[in-house]
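# Residue-level structure breakdown
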Protein chains: 2
Amino acid sequence: MQFQLTDELIEQVELFIEQENDKELKKFLDEFHYADIAEILDELNLEQAMYVIKLLDSETTSDILMELDEDNREKVLKNLSAKEIAEEVEELDTDDAADIIAELSESRQKDVIAQIIDDEHRAEITELLAYDEDTAGGLMAKELVKVYETWTVAGCMRRIRGQAKEVTRVHSIYVVNKEEKLIGRLSLKDLIVAKSDQKISEIVKVNVDYVNVNEKVEEVGRIMAKYDLEAIPVIQSDDNKILLGRITIDDIVDVLKEEAEKDYQMAAGITGDVEADDSILELTRARLPWLFLGLLGGIGAFLIMEGFEGLFTGEAVVLFFFTPLIAAMAGNVGVQSSAIIVQGLANDDVRGSVNSRLIKEMLLAALNGTILAIFLFLFVWAVKGEMLVAFAISVSLVAVIVIAGLIGTFVPLFLNKRGIDPAIATGPFITTSNDILGILLYFLIAKSILGI
Amino acid sequence: MQFQLTDELIEQVELFIEQENDKELKKFLDEFHYADIAEILDELNLEQAMYVIKLLDSETTSDILMELDEDNREKVLKNLSAKEIAEEVEELDTDDAADIIAELSESRQKDVIAQIIDDEHRAEITELLAYDEDTAGGLMAKELVKVYETWTVAGCMRRIRGQAKEVTRVHSIYVVNKEEKLIGRLSLKDLIVAKSDQKISEIVKVNVDYVNVNEKVEEVGRIMAKYDLEAIPVIQSDDNKILLGRITIDDIVDVLKEEAEKDYQMAAGITGDVEADDSILELTRARLPWLFLGLLGGIGAFLIMEGFEGLFTGEAVVLFFFTPLIAAMAGNVGVQSSAIIVQGLANDDVRGSVNSRLIKEMLLAALNGTILAIFLFLFVWAVKGEMLVAFAISVSLVAVIVIAGLIGTFVPLFLNKRGIDPAIATGPFITTSNDILGILLYFLIAKSILGI
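Model, not experiment: these values are computed from the prediction.

### A short note on the relation of the copies chain A and chain B
For the pair chain A and chain B, the superposition axis carries a translation of 0.0 Å, the fit reaches an RMSD of 0.1 Å, and the rotation angle comes to 180°. These values place the two chain copies in the arrangement generated by a two-fold rotation axis. When the interface residues of chain A are mapped onto chain B, 100% of them again fall at the interface, so both copies present the same face.

As structure tokens, this is what we get:
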């Protein structure tokens, strides 16, 4: 039953399109899940993709649209009229509908919204569009099952039958008072197990998790993952607790994946959301700036080494041969320590003062550095036979590792305090600055030890 | 309502423990979610944590156990008798119960299992322990709501009331035939909306996603994320489709998070699952091996440069000052290209042949390399005034970048084909080998261009 995107499959679809064999094409695609059809469309050219979209009914195509690659969706939307987009949007839950519309230009947004027939749907989408996409409000949907605390279980079941038809998945039933304030929650299970003449207020669970509409999505994700929640209600403010919407775990899965991918790419020196299948130009745009930063760092290293050109005589020449080693070690240590801090911050388990972190990293780096330096000392002494040179290089290595570790620890903590994404620190940024600083430190220390 | 782990809070708990004020301590902790209590216990020493665990009832402590840091859980379990662990396990769902037991030594596992009173629970846990923890079987729970296709909606509702009490969350109701073969699914909503005298076989949705018990957890996660599933049934084999258990999305969220963290740490040159709060010794064990690899790489670079010592005269001396630049660029390009491949592989969207990937990366690297080389050429020419040297360095840079890009692309693809986690490639492994190879290539090319 597993879907496999094969070349044969795509060729088959392309053939149906070429032959304009609508009946067979529809029958063929009906076998697949919309997420699979989206994968197929991602492989077709725009004209072919549009052909398929015009062919299938809007219930399916709206779901397909949500699953398309962002670039492809943009192209498809450009080829649809405002009325056609409104028809797609009409089929979607409010959160997905708002996401689609948010991707359009402002003037098109107005055109599309004006074409939405269902008044309530239009009003709800307009409300959602007002929230920042990085907040709970930008992620929530208006669809939820809501009951009043004064209802009975039987009355509740009757009305839920009506509400539930519009809600894809009933995770929780939210209980509100007549001011729409969130009082608690119920599961469908609770309702089924309860007696039909009981009042909702008797069986409601008042211990309900919720998030504020302005809460950052990362924090919403952390809360839902920590408490194993499958849906969380969103309230207007901590004072009035008015129920505005709900966020479901599948949206959070997407957020967590995106976050992780972004951090990973940042650590690798890639910006923007690129994929292996993007064009060379898009990939260049994502990669070249960081490489350029590395180039500048290398030029910095060159200038420092040139400044020490005077050492270029006798035994000290060997110092120059160890600069790649010093630079590499400074870079590695820096990335290690900043990665641990970045991950700790993401999981919200970096507690205690900055100073205690720095002291710990200093001890750790000194320990690691000393072990590595002893090895390096023995190697250089054995190979070059000059103990003082070996000593100078090894002592510098320890110093460079300690400083790199401290910078790697400090920079993400500092960025985080300033409200900047600390993951930036792990990329070529830390490596490059540590490279330069490491080489400078190395020559300064070695020079003073050798007394030249 | 947001929980904040503060020093005051921990001091309060410590004070209650010191005073042996059980009543107040219990009242104080009852306010918190078990995940929060676990966070508090993680900050206490073992003796204090044991005090709290002995105080609270096993319904709460079993959940707390699941949320503790692995190291702390191990210590706590060591301090509990087999009978006490069995009592905790009795309260847990089968999947969590099996996870806890799997962490014990083999002889203790037997002792604990023997002490489980509920026969069915014991049999189910024993079954789950037999599956590999990286497979669907290792992740699934036996708790699920199952109905037979021949039942009526009314009969179904009656029996579900019984089954549902044992299932924390009813995501889907699975429909089986009398051979226990998975036929389809239903939602509680479908059941509520249906007429009470309808047969289940009339309203069952036969298009049900499922996974094989031997499927890898990463693949299960990918499927659930792609199709937005909140639970997926697990079957014994594709032939008999016998329903064995179900996996819920909250377990997958944990898997996805762990995967992402592992990849991220691997890219940063950290092995093992370490956190910022781990001991210096644990962190050293996770970091030092990779640093040592970097040290060996640096020694390799030293040996290469020493081999070219003859160039150390006249204009060519400047070549040595650019080795950190060359090494840094080789490392950065290699990490960038392998990170993109690793991420593509994880998302299952690296299609097409290895050759086409390599050709694309070659073009990309050549483009990036040329842009960077032109800049470097102008810089060296302007600063040093020697066009041929500037030319030699720049041409080498392009070659180094192209080779680094190819290696970065090839290695993860190769590892993946061999069934090895490609994420290994992104760490210091790629950087170090690219450093050495880059420097070697650089001197070889520069030497031949300069004709020295």
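From this point, the narrative continues.
### Some remarks on the side chain of S396(A)
Residues and elements named next belong to chain A. Along the chain, S396 turns up in helix α21 (residues 387-417). With relative accessibility at 0%, the residue S396 sits in the buried group. Engagement of the side chain of S396 in a polar contact is seen with the backbone oxygen of A392, the distance being 2.5 Å. The residues touching S396, leaving out its near neighbours within four places in the chain, are Y442, I445 and A446.

### Here we look at the packing of helix α8 (residues 94-102) of chain A against helix α10 (residues 119-129) of chain A
Residues and elements named next belong to chain A. The geometry of α8 relative to α10 is characterised by a closest axis approach of 9 Å and an angle of 65° between their N-to-C directions. α8 and α10 meet at a crossing whose hand is right-handed. Of α10, the residues touching α8 (which contributes T94, D95, A97, A98, I101 and A102) are H121, E124, I125, L128 and L129. Of the residues assigned to the contact of α8 with α10, the class counts are seven nonpolar, two polar and two charged.

### With respect to the domain arrangement of chain A
By the assigned domains, chain A splits into domain 1 (7-133), domain 2 (145-257) and domain 3 (280-450). Distance from the C-alpha centre of domain 1 of chain A to the C-alpha centre of domain 3 of chain A: 49 Å.

### Description of the environment of A130(B)
Residues and elements named next belong to chain B. Looking at the element boundaries, A130 is found in the loop between α10 (119-129) and α11 (136-139). A relative accessible area of 66% places A130 in the exposed class. Sequence separation of A130 and A98 is 32 residues, and the distance between their C-alpha atoms is 9.6 Å.

### Some points on the side chain of S62(A)
Structurally, S62(A) can be placed in helix α5 (residues 58-67). Contacts of S62(A), omitting those with residues within four sequence positions, involve E88(A), E91(A) and L92(A).

### Some thoughts on the pairing of strand β2 (residues 173-176) of chain A
Residue and element names in this part refer to chain A. In β2, alternate side chains face the same way, and those of I173 and V175 on one face and Y174 and V176 on the other are all buried. As defined by bridge partners, strand β1 (residues 145-148) adjoins β2 across four bridges and the pair is classed as parallel. Along β2, the bridge assignment pairs Y148 with V176. Where β2 meets strand β3 (residues 182-186), four bridges bridge the pair, whose relative direction is antiparallel. Bridge pairing in β3 places I173 opposite L186.

What counts and what doesn't
- Residues numbered from 1 in each chain as written.
- Chains lettered and ligands numbered in written order.
- Predicted model: local features only at pLDDT ≥ 70, side-chain atom pairs only at ≥ 80, totals over all residues.
- Heavy atoms only, no water.
- Least-squares fit on C-alpha atoms with pLDDT ≥ 70 in both.
- Contact = heavy atoms within 4.5 Å.
- Helix = DSSP H or I, 4+ residues; strand = E, 2+ residues; numbered from the N terminus.
- Buried < 20%, exposed > 50% of the residue type's maximum accessible area, 1.4 Å probe, protein only.
- Polar contact = N/O pair within 3.5 Å; in protein donor to acceptor, adjacent residues only side chain to side chain.
- Axes fitted to C-alpha atoms, helices over the stretch in contact; angles between N-to-C directions.
- Left-handed = near helix turned anticlockwise from the far one by under 90°.
- Nonpolar A, V, L, I, M, F, W, Y, C, P; charged D, E, K, R; others polar.
- Domains from an automatic or database assignment.
- Pairing = 2+ DSSP bridges.

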